[in-house]
Amino acid sequence: MRKVEVVPHNPAWRQMFEIESQKITKVLAENLIAIHHIGSTAIPNIYAKPIIDLLGEVKDIAKIDQYNVQMGGLGYEAMGEFGIPDRRYFPKHNSEGIRTHHLHFFAVGSEQVKRHLAFRDYLIAYPEIAQQYSNLKRKLAREFSDDIEGYMDGKDGLIKDIDRKAALWKAGEE
């Protein structure tokens, strides 16, 4: 069971992302197109679980499985698709067993990549909606401090609403 904790934005999260990004780039160099900082730690001034979310865009998603040993050497656990088709998921924990990173790989151009980046960019562009999301996360973390599923379920409706608005916003932006 994981404790649900959200904390104020930490400017060091960006540097933590950069450090991991460089390590991952060295392992996946020829297959990697880009690594993005996603999730709440990528959005200024909102509360977040202190877990860095990284999204890697790759040329060939199937080839990621060939890097499981090297990724393990960086502290990441290979979990395969882990419930999302055409994804490769790697969580990372610190020496105390606390999760510190989520790494998701998708093929370049994937709808999942577009969705995650639109969500992040929309919340950065609309700080009042980001604060609404932040407030909900704080409330749910208090209510479901020992129930990650309840916490996630509580965010689902607002996330879907933001996803829908972000997709429309991104479509109008391009």
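No experiment lies behind these values; they were computed from the predicted model shown.

**Focus: the pairing of strand S2 (residues 52-58)**
Counting buried residues along S2, 7 of its 7 residues qualify, which places the element largely inside the surrounding structure. Alternating residues of S2 divide into Ile52, Leu54, Gly56 and Val58 and Asp53, Leu55 and Glu57, and every residue in both groups is buried. Looking at chain direction, strand S1 (residues 32-38) and S2 are connected through 6 bridges and run antiparallel. If you follow Leu32 over to S2, its bridge partner there is Val58. For S2 and strand S4 (residues 99-107), the ladder comprises 7 bridges, and the chain directions are parallel. Its bridge partner being in S4, Leu54 is matched across the sheet by Leu103.

**Here we look at the packing of aromatic side chains**
Using the criterion set out here, one finds 6 aromatic pairs in the structure. When the ring of Tyr122 is compared with that of Tyr126, the centres are 4.7 Å apart and the planes differ by 40°; the resulting orientation is tilted. You can call Tyr126 partly exposed: its relative accessible area is 30%. Between Tyr126 and Trp169, the ring centres sit 6.2 Å apart and the planes meet at 80°, which makes this aromatic pair edge-to-face. Of the two residues, Tyr126 sits in the loop between helix H3 (111-125) and helix H4 (127-143) while Trp169 sits in helix H5 (residues 148-173), which places them 43 residues apart along the sequence. Among the aromatic residues, ring-to-ring pairing joins Tyr122, Tyr126 and Trp169 into one connected group. Its end group placed over the ring of Tyr47, Arg138 keeps NZ or CZ at 3.9 Å from the ring centre.

Rules used in this analysis
- Residues numbered from 1 in each chain as written.
- Predicted model: local features only at pLDDT ≥ 70, side-chain atom pairs only at ≥ 80, totals over all residues.
- Heavy atoms only, no water.
- Buried < 20%, exposed > 50% of the residue type's maximum accessible area, 1.4 Å probe, protein only.
- Helix = DSSP H or I, 4+ residues; strand = E, 2+ residues; numbered from the N terminus.
- Pairing = 2+ DSSP bridges.
- Phe/Tyr/Trp six-rings, centres within 6.5 Å; stacked < 30°, edge-to-face > 60°.
- Lys NZ or Arg CZ within 6 Å of the ring centre and 35° of its normal.

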